[in-house]
4 protein chains.
Amino acid sequence: MRVGVLGAKGKVGATIVDGVESAEDLVFTAGVDADDSLHAFVDTDTAVVVDFTHPSVVMDNLKFLVDHGIHAVVGTTGFTDERIAQVREWLEAAPGVAVLIAPNFAIGAVLSMQFARQAARFFESVEIIELHHPQKADAPSGTAARTARLIAEARKGLPPNPDATSTGIEGARGADVDGVPVHSVRLAGLVAHQEVLFGTRGETLTIRHDSLDRTSFVPGVLLAVRHVAKRPGLTVGIEPLLDL
Amino acid sequence: MRVGVLGAKGKVGATIVDGVESAEDLVFTAGVDADDSLHAFVDTDTAVVVDFTHPSVVMDNLKFLVDHGIHAVVGTTGFTDERIAQVREWLEAAPGVAVLIAPNFAIGAVLSMQFARQAARFFESVEIIELHHPQKADAPSGTAARTARLIAEARKGLPPNPDATSTGIEGARGADVDGVPVHSVRLAGLVAHQEVLFGTRGETLTIRHDSLDRTSFVPGVLLAVRHVAKRPGLTVGIEPLLDL
Amino acid sequence: MRVGVLGAKGKVGATIVDGVESAEDLVFTAGVDADDSLHAFVDTDTAVVVDFTHPSVVMDNLKFLVDHGIHAVVGTTGFTDERIAQVREWLEAAPGVAVLIAPNFAIGAVLSMQFARQAARFFESVEIIELHHPQKADAPSGTAARTARLIAEARKGLPPNPDATSTGIEGARGADVDGVPVHSVRLAGLVAHQEVLFGTRGETLTIRHDSLDRTSFVPGVLLAVRHVAKRPGLTVGIEPLLDL
Amino acid sequence: MRVGVLGAKGKVGATIVDGVESAEDLVFTAGVDADDSLHAFVDTDTAVVVDFTHPSVVMDNLKFLVDHGIHAVVGTTGFTDERIAQVREWLEAAPGVAVLIAPNFAIGAVLSMQFARQAARFFESVEIIELHHPQKADAPSGTAARTARLIAEARKGLPPNPDATSTGIEGARGADVDGVPVHSVRLAGLVAHQEVLFGTRGETLTIRHDSLDRTSFVPGVLLAVRHVAKRPGLTVGIEPLLDL
């Protein structure tokens, strides 16, 4: 499979170029950056392009790729409902072309969210602990908040976590995200980690995800590259590729 | 729902009687043990009977229950293929009657095996650490060996775990169960615990199950009691009830 | 060594009687409860008495034991500074007699507090996560609060934890105990657990204590029984016996 | 304090130069590599030199530094008993000069070994799990083997780990290092991690060290730089600086 990269000189893009080049079943065709022409992908007969660029240019990129019958795997952020609708419209006019847009390509992160959702209604209690480096600005992390909301939705109609806490110090029981307590640890030496803890009589189940370096998106991007052509039209998230 | 218990004076049976009695949507009807008559269940209009007895009597119990149109949830061990076939035959002659037989009712254990199976093909590496009290006779545990086999089946066709180990002390890299390394810790103070570790570039996913006391089967038994009537015929394992 | 137990019919006392009886180097002499006479210890030539009774009787018990030259190991609570001073006064008049009073006999808990104190000044960041069953009334736990205060004292003069959190949900960053964030998880299925996390550039150190059943005080009580006679006068806490 | 670096252009050396430059209480004076003259340290009035070079040159470096009254902090490997004796001899002739040689500067690793040694004799059971990236050649790791030996020495005279294992698969119970089972996990995505697990009746204590990137030696090197001058003569290891 012939694969090109948009944003190829950025940190993330360069890592994806490396990933494509070291995969035996993929051929790297062209890397395109700010001042280069997108026609490089046409000239090199590229089948799939990976786009990790910027919200200000990604829509132009996608229009070009869809128009030229090239599949796209997109990690660029900023996809509002309007943008999603626009991409869908373009794809309706281009049958057979496939675009996959995902906010998170780390397979471990995506799986742990899915498993948390699946387990949610079989346990009395659930809490989330997320642990990050101390330079992080938000607490809880976006991933933890999203995980909590997925869990809360799956537990609709069930009784709340049992909790007899009557005295204490403010903050001890964490942030309340739709009824799920979320605890945020900020510690020098850490990267990005999350634990979802479930408990019921006599047993607990813990789903832990550790992201130890910033290249953890690569296996998910390559998975998407390999499968995107089989899914014409728009796919959002890599979950549908995981056959859960 | 009216629920009876077979083996009601055994340790496990007594715990189930407690569990049924403290569930608001269930009514405990009758407990039957070694010398009591099974007719107690008929007399008390019991809908579902839970059987945690002994391989030597469980088949007679099941014959009686099926013949009398009473659903059964069975945790007794010793179900060979022949026994399973026999139960199926009885149920064919009794449409509408349901029997659920499960080797493990701990929901956390069952979920962690399912999640391990689902995650197996998305990671380069997988290993299992199981940790138990030091009185345990077998190493690895039956659950760990079963989990390893499920994982190995899901990874068929994929390359083996990368492993550059060239020097070392025998045993360091664990037991090899179908290509999955399994490490068994035996430590005073522990009960029954298992971790499945998955790793790929830059990230790891860990699924941990802790069984902290011997009553962890209760929520799974009650789940089965509540759902068994909706599944006429034979169901093996609680997995089908979990809608994964 | 000849050992007696005060409060022998209580749950804790009975567990200690079992512990003494199954230790090869100890002989159980007499169990005394509410209505029994303390003279049983004198009559049986008891060397050490373990007292897990009640604040309302423990001072009378200690007076009797010290007067009769019997060493004491005390787990009963309620020892104010005045009571401690009183016991010290009695002991001054009884050279050679030893009393050890400890608020916590779980060796793992005591060691983890000591290690946390020792590690405290070598890391940029420290946080505590404590996890308990959901029936617990206070959050954070007394042990976590005490651990945080020990750590804060050891870090006096050092810069605070780095923390760039600027947006978030209240409670996410835990309770602030003297500058140490403490997170309290309350989960069905858990017993009593605590993690102290330290981090600095490129590495973290975690000290975790799990108390899996309520008999975890036994090894510490037996350790105290074996060593108390060697420490005439008053000893507070089992730390001095651990030779750290 | 004025600090120089030997091997300043190597990966490790460059990281130390960065570390010195970003420490407010230290002044970086000179970096010396293969072809440079050691006199740069004399010319810049350097008080302490950090040496991360090569066994083939480190002895010449040390001779020069000691002769010129410059303190040294050494992370270079290959210090045999003879070499240690030689350094001691040089130092005897140079009162007031200090040399600190350490095989491991990661404070978390050193503390976890110390804590493991301290805890060793208070628990019935102890096992080690070490987890590393799959490119590692040896199993168990050198650190795990050393930790096991320290623990075994501290437990001399105590009964062995209880273990009722009677059937199983070879390797499940790990490598035996002086009676301490050591389990080696090799997993893509990991860096270098170690857990020492202690257990006794009703409780466990776990000491976990995670080394998440290769710069974890920096805080230990800076600690040594700050303290070395107070310890004239030879110091081996950073343990004496930790005041445990």
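Residues numbered from 1 in each chain as written. Chains lettered and ligands numbered in written order. Predicted model: local features only at pLDDT ≥ 70, side-chain atom pairs only at ≥ 80, totals over all residues. Heavy atoms only, no water.

In the annotation of an unreviewed UniProt entry, chain A is listed under the name 4-hydroxy-tetrahydrodipicolinate reductase and assigned to Mycolicibacterium sediminis. Check the Sequence similarities (unreviewed entry) section of the UniProt entry for chain A; it says "Belongs to the DapB family." Word for word, the UniProt comment on chain A under Subunit (unreviewed entry) is "Homotetramer." (UniProt positions renumbered as here; feature names shortened; annotations may be inferred.)

Chemist: Even after reading the chapter, I still don't get the UniProt feature "binding site: (S)-2,3,4,5-tetrahydrodipicolinate" (unreviewed entry) in chain A, so can you show me in this structure?
Modeler: All names here are of chain A. Per the UniProt record, "binding site: (S)-2,3,4,5-tetrahydrodipicolinate" (unreviewed entry) is found at His133, Gly142 and Thr143. Tracing the chain through its elements places His133 in the loop between β6 (125–132) and β7 (138–139). Ignoring anything within four residues of it in the chain, the contact list for His133 reads Arg186, Leu187, Leu190, Val191 and Arg214. Mapped onto the elements of the fold, Gly142 is located in helix α6 (residues 142–154). (Helix = DSSP H or I, 4+ residues; strand = E, 2+ residues; numbered from the N terminus. Contact = heavy atoms within 4.5 Å.)

Chemist: How do you make sense of the interface of chain D and chain B when you look at a structure like this?
Modeler: Note: interface size is frequently given as the accessible area lost on complex formation between the parts. On the side of chain B, 45 residues touch chain D, which itself brings 45 residues to the contact. Together chain D and chain B conceal approximately 3100 Å² of surface at their shared face, both sides included; 63% is due to carbon and sulfur atoms. It is Ala139, Leu187 and Ala188 of chain D in chain D that bury the most area against chain B; as a group they hold 16% of the surface buried on that side. Inspection of the chain D/chain B interface yields 0 salt bridges. Scanning the region where chain D abuts chain B turns up 22 residue pairs in polar contact (both at pLDDT 80 or more). Elements represented by at least two residues in the side of chain D that touches chain B include exactly β6 (125–132), β7 (138–139), β8 (167–168), β9 (175–177), β10 (180–186), β11 (192–200) and β12 (203–211) of chain D. When its residues are assigned to classes, the side of chain D that touches chain B shows 20 nonpolar, 15 polar and 10 charged. (Buried area = accessible area lost by both parts, 1.4 Å probe. Salt bridge = Lys/Arg side-chain N within 4 Å of Asp/Glu carboxyl O. Polar contact = N/O pair within 3.5 Å; in protein donor to acceptor, adjacent residues only side chain to side chain. Nonpolar A, V, L, I, M, F, W, Y, C, P; charged D, E, K, R; others polar.)

Chemist: When you look at unusual backbone geometry in this model, what are you seeing that I'm missing?
Modeler: Among all residues except glycine, the phi angle is most often negative; among peptide bonds, the trans geometry is most common. Of note, the amide linkage connecting Ala139 of chain A to Pro140 of chain A takes the cis form, showing an omega dihedral of 0°. You can see Pro140 of chain A is positioned in the loop between β7 and α6. The phi angle at Asp45 of chain B is positive, at roughly 55°, despite the residue not being glycine. For Asp45 of chain B, the location among the structural elements is in the loop between α2 (39–43) and β3 (48–51). With a relative accessible area of 56%, Asp45 of chain B lands in the exposed category. (Buried < 20%, exposed > 50% of the residue type's maximum accessible area, 1.4 Å probe, protein only.)

Chemist: Explanation requested: the interface of chain C and chain A in the structure shown.
Modeler: Each partner contributes to the interface: chain C provides 45 residues, whereas chain A provides 45 residues. Buried surface at the junction of chain C and chain A, summed over both partners, amounts to about 3100 Å²; 63% is from carbon and sulfur atoms. The tally of links from chain C across to chain A stands at 22 residue pairs in polar contact (both at pLDDT 80 or more). When the residues that make up the side of chain C that touches chain A are grouped by side-chain class, the tally is 20 nonpolar, 15 polar and 10 charged.

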